[in-house]
Amino acid sequence: MSFIDRKSIDNFKPMLADYLMIKHNININQPFTCLNPDHEDRHPSMSYYAKGNICNCFSCGTHYDIFDLIGLDYGVESFKEKLEIADKLYPNISEIVFKKFDVVEADNNVIDFTNYFQKCISKINKTDYLNERKINPELLKKYNVGYDEKREMVVFPINKNCYFARSVTGDGKIKSKGTSYLWNENLINSDNKLIYITESIIDSLSLETIDSDVKTVALNGLPNYKRLLKIVEENKYNGTFVLAFDNDKTGAMYQDIVKEELEKLKVSSFSLTLISGTGVKDLNEALIKNKDSLMKNYKYVNDNLKIIISKREEERNSEIEL
Ligand SMILES: [Zn+2]
C-alpha cells in the first residue's frame, strides 16, 4: 500500500460488521459483551450500529469503529499502523464498490417472513422481470420467488427469516436484516462433489436454467464469501467449487481471494469464466444474449471437471488401498 486517500479510509469503515463477525465471532444482530478491556461486562452491553459503522456500549459509553478495534486487537496505536493492518485484512478496498443494502426491518429482531412470502408469491405474475431475464419459470415455483408490488421488487426467499430482493425498476437491492445466508447454502455437503459459486441469485438461476441438475450457490454480494468459508468449515466440505463470478475486475480479484482462502481449508476450486468475450458481464447477460454459447461453454467445462474429479477420487481411493 503506497497511498490511501480519505475515501479509501471511509471504505474500510463498513467492514466493521465483517470484522466483528469473523474476527470476534460475534452475532451483530444482538448485544454482545463489551469489547473495552477495562469494562468487565457481565451482561452483553455492546451493540453494532450499521448506520454509523460503530459499536457502542450503553453501559460504559465506549464506542469503537473498525480502526479502534484493530488498534486493540493488534496492539498498535498509530493510525498509520492500523491502516496498514486494515489494508492487509481487506486488500484492494478502494476497488471494491460497496452496494449499500437498505435495511427495512427492525434491529435485533428475527422476523418470520412466511406470510410476506405467501403474499409475494401470489403476485409473481405481476412482473415480467425474470421472464425478460430468460429464467426458467419452473424455478420461480421451485424457489417460491415472489413479487412485492408496493416496493416493486422481486423477492427471493432464502429461508423463513431471510430474503433477498431486487428492484425491477432500478439497481436497488435489499437483504433482510440478520445473517447473510447464501442462496442454496444447504447444497454445500458431501453429496455434492461439484458446486458452482456465483455472485448473484439471478446468475445461479441462469445456470439452473441451462442445466436443471447443476448445484449452484450464490454469495449475494462478493464480500459475503466469508459466509461460504464458514459453511465449508462447519460442514467439512471436501468437494470442488467453480468460482463463476462476473467477468470484470472485481470478480477476478475475488476469485483470487476466495481461491486462496479455500486452499487454506484444503478445498479445491477452479476460477473459470463460462462467458466468452463479447463484453458480456455476467451469467445472466450471457443467457439473454447468447444462450447457445453459454450452454456450450458450460457443457465443456462441466464435462471436463467431472472427469478431473472422478480421476482424483480414483487416485485417492487407490492411495487408501495401498
Ligand atoms: Zn462497556
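All values reported here derive from a predicted model rather than from experimental measurement.

## Examining the coordination of the zinc ion
Next, step 1: Within the protein, the zinc ion binds to Cys-34 (SG), His-39 (ND1), Cys-57 (SG) and Cys-60 (SG); these donor distances fall in the range 1.9 to 2.3 Å.
Next, step 2: Here the zinc ion binds 4 donor atoms, and the angle range of 103 to 116° at the metal identifies the geometry as tetrahedral.
Next, step 3: Along the chain, the residues donating to the zinc ion fall in the pattern C-x4-H-x17-C-x2-C. One end of the pair, Cys-34, is in the loop between helix H2 (16–23) and strand E1 (46–49); the other, Cys-60, is in the loop between strand E2 (54–57) and strand E3 (63–64), with 26 residues separating them in the sequence.
Next, step 4: Residue classification places Cys-60 among the partly exposed positions, given a relative accessible area of 34%.

## Focus on the confidence of the model for the chain
Next, step 1: Here the chain averages 87 in pLDDT, while 91% of its residues score no lower than 70.
Next, step 2: Taken element by element, the predicted model of the chain shows its lowest mean pLDDT in helix H1 (residues 6–12) (76) and its highest in strand E9 (residues 216–218) (98).
Next, step 3: In this model residues 96–107 is a low-confidence stretch, pLDDT under 50, and it forms 27 contacts with partners more than four residues away in sequence or in other chains.

## Focus on the environment of Ile-85
Next, step 1: Along the chain, Ile-85 turns up in helix H4 (residues 79–89).
Next, step 2: We classify Ile-85 as buried; its relative accessible area is 17%.
Next, step 3: Residues Ile-85 and Asn-304, spaced 219 residues apart in sequence, show a C-alpha to C-alpha distance of 41 Å.
Next, step 4: Setting aside its immediate chain neighbours within four residues, Ile-85 contacts Ile-70, Tyr-74 and Val-76.

## A closer look at the environment of Asp-213
Next, step 1: Within the secondary structure, Asp-213 is located in the loop between helix H8 (201–210) and E9.
Next, step 2: Sequence spacing of Asp-213 and Gly-71 is 142 residues, and the spatial spacing of their C-alpha atoms is 48 Å.

Conventions and cut-offs
- Residues numbered from 1 in each chain as written.
- Predicted model: local features only at pLDDT ≥ 70, side-chain atom pairs only at ≥ 80, totals over all residues.
- Heavy atoms only, no water.
- Donors = N, O, S within 2.8 Å, 3.2 Å for Na, K, Ca; no water.
- Tetrahedral: all angles 85-135°; square planar, octahedral: opposite > 155°, others 65-115°.
- Helix = DSSP H or I, 4+ residues; strand = E, 2+ residues; numbered from the N terminus.
- Buried < 20%, exposed > 50% of the residue type's maximum accessible area, 1.4 Å probe, protein only.
- pLDDT = per-residue confidence, 0-100.
- Contact = heavy atoms within 4.5 Å.

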